[in-house]
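Summary of structural features
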Amino acid sequence: MQPHDFWQELHPPQSFSAAEGCRDFYVAELPDGRQLRLPIRVLADGEHALASLIVNQASFAVQEALAEALAARIADHDIEVVAGLPTLGLTLASAVARALGHARYVPLGTSRKFWYRDELSVSLSSITTPNQEKRLYIDPRMLPLLEGKRVALIDDVISSGASIVSGLALVASCGIEPVVIGAAMLQSERWRERVDADGKQWSERIVGVFSTPILERSENGAWRRPG
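Residues numbered from 1 in each chain as written. Predicted model: local features only at pLDDT ≥ 70, side-chain atom pairs only at ≥ 80, totals over all residues. Heavy atoms only, no water.

Some points on the overall build of the protein chain
Of the regular secondary structure elements, the protein chain holds 5 helices and 14 strands. On C-alpha atoms alone, the protein chain measures out to a radius of gyration of 18 Å, which is about the 17 Å that the 2.2 N^0.38 rule sets for 227 residues. Overall size of the protein chain, expressed as C-alpha extent along the three principal axes, is 55 × 35 × 30 Å. Across the 227 residues that make up the protein chain, the buried fraction comes to 51%. Within the protein chain, contacts between residues at least 6 apart in sequence are counted, and of these 67% link residues at least 24 apart. Accessible surface computed for the protein chain: about 11,500 Å², of which carbon and sulfur atoms make up 47%. For the protein chain, the separation between the mean place of its 23 positive charges and that of its 28 negative charges on side chains is 5 Å. (Helix = DSSP H or I, 4+ residues; strand = E, 2+ residues; numbered from the N terminus. Rg over C-alpha atoms; globule rule 2.2 N^0.38 Å. Buried < 20%, exposed > 50% of the residue type's maximum accessible area, 1.4 Å probe, protein only. Contact = heavy atoms within 4.5 Å. Areas by Shrake-Rupley, 256 points an atom, 1.4 Å probe, with all protein chains shown as cover. Lys, Arg positive; Asp, Glu negative; His and termini not counted. Charge placed at Lys NZ, Arg CZ, Asp CG, Glu CD.)

Looking at the pairing of strand 3 (residues 35–38)
Note on strand geometry: in a regular strand, side chains alternate between the two faces of the sheet. Of the two faces of strand 3, the one holding Gln35 and Arg37 and the one holding Leu36 and Leu38 are both buried throughout. Bridge count for strand 1 (residues 10–11) against strand 3 is 2 bridges, and the pairing is antiparallel. Its bridge partner being in strand 3, Leu10 is matched across the sheet by Leu36. Taken together, strand 2 (residues 26–29) and the strand that follows it, strand 3, pair antiparallel across an intervening segment of 5 residues, in which Gly33 is found at a positive phi of about 95 degrees. (Pairing = 2+ DSSP bridges.)

Description of helix 4 (residues 162–173)
Between its first and last C-alpha atoms helix 4 spans 17 Å; for 12 residues at 1.5 Å apiece the expected length is 16 Å, and the two agree. All of the buried residues in helix 4 are Ala162, Ser163, Ile164, Ser166, Gly167, Leu168, Leu170 and Val171. Against strand 8 (121–124), strand 9 (134–137), strand 10 (151–158), strand 11 (180–187) and helix 5 (191–195) lie the buried residues of helix 4. Note on helix 4: the residue one or two positions beyond its end, Gly175, has a positive phi of about 75 degrees. (Expected span 1.5 Å × (residues − 1).)

As for the sheet that holds strand 10
Strand pairing within a sheet occurs via backbone hydrogen bonds; the two strands may be parallel or antiparallel. Pairing is parallel across the open sheet formed by 5 strands, whose spatial order is 7-6-10-11-12. Edge positions in the sheet fall to strand 7 (106–107) and strand 12 (206–212), since each of these pairs with one other strand and no more. One ladder, built from 4 bridges, connects strand 6 (residues 81–84) with strand 10; its direction is parallel. Residue Val82 lies in a different strand from strand 10, and its bridge partner there is Ala152. Packing of helix 2 (residues 88–99) onto the sheet brings it into contact with strand 6, strand 7, strand 10 and strand 11, and relative to strand 10 it is tilted by some 135 degrees. Packing against the sheet, helix 4 makes contact with strand 10 and strand 11, and its axis sits at approximately 160 degrees to strand 10. (Axes fitted to C-alpha atoms, helices over the stretch in contact; angles between N-to-C directions.)

Let's talk about unusual backbone geometry
A cis amide bond links Pro86 with the next residue in sequence, Thr87, at an omega value of -5 degrees. Backbone geometry places Gln14, a non-glycine residue, at a positive phi of 65 degrees. Tracing the sequence through the fold places Gln14 in the loop between strand 1 and strand 2. Of note in this structure, Gln201 is not a glycine but carries a positive phi near 60 degrees. Following the sequence through the fold, Gln201 ends up in the loop between helix 5 and strand 12. Classification of Gln201 as partly exposed rests on a relative accessible area of 36%.

This is the structure in structure tokens:
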């Protein structure tokens, strides 16, 4: 597959099998069994890898399917407002809000406008941009939309947990506690310890459309699930 071919098409259930490992792509399954091919990103040690998803590079059909699946998984929480984490989480959050029948959503941001307030911001780190110093902001004009409401905090992928921790810290500083945290993909289990570090057990509120493991290189050069 060419790099631009990933994330563009959903395939019928059981179109691909990863029973003997995978070489060129990892097969993720949506709740209804449809399959999505994801590129494999090799980690620094050369012996482990992760499946990758970049929502805003996916086809509209894939974006819509992921949003609808996530909306269905969080609908029982009676969500009143969806808040999205930048940057890639905004694409998914907007679509999830529409799938829930909402007229709008609340985007958090990393671009400081002159009317923003420093006390309504926290530092932000990301596994995909580790060397960039950024801050996460909430537009003070958006606070009335969140206060006292049942909020869903949405990101595209939960990997290290860093973005979610920043998002939780920001909304907590505003007196807001999300009832659910959603993502299209939960990438391995690395995020659990970091997300729960403050003792809040936020991991119990996290919902994903699908999960992907840390992959191990097999003797024949293919990538397989551990164990």
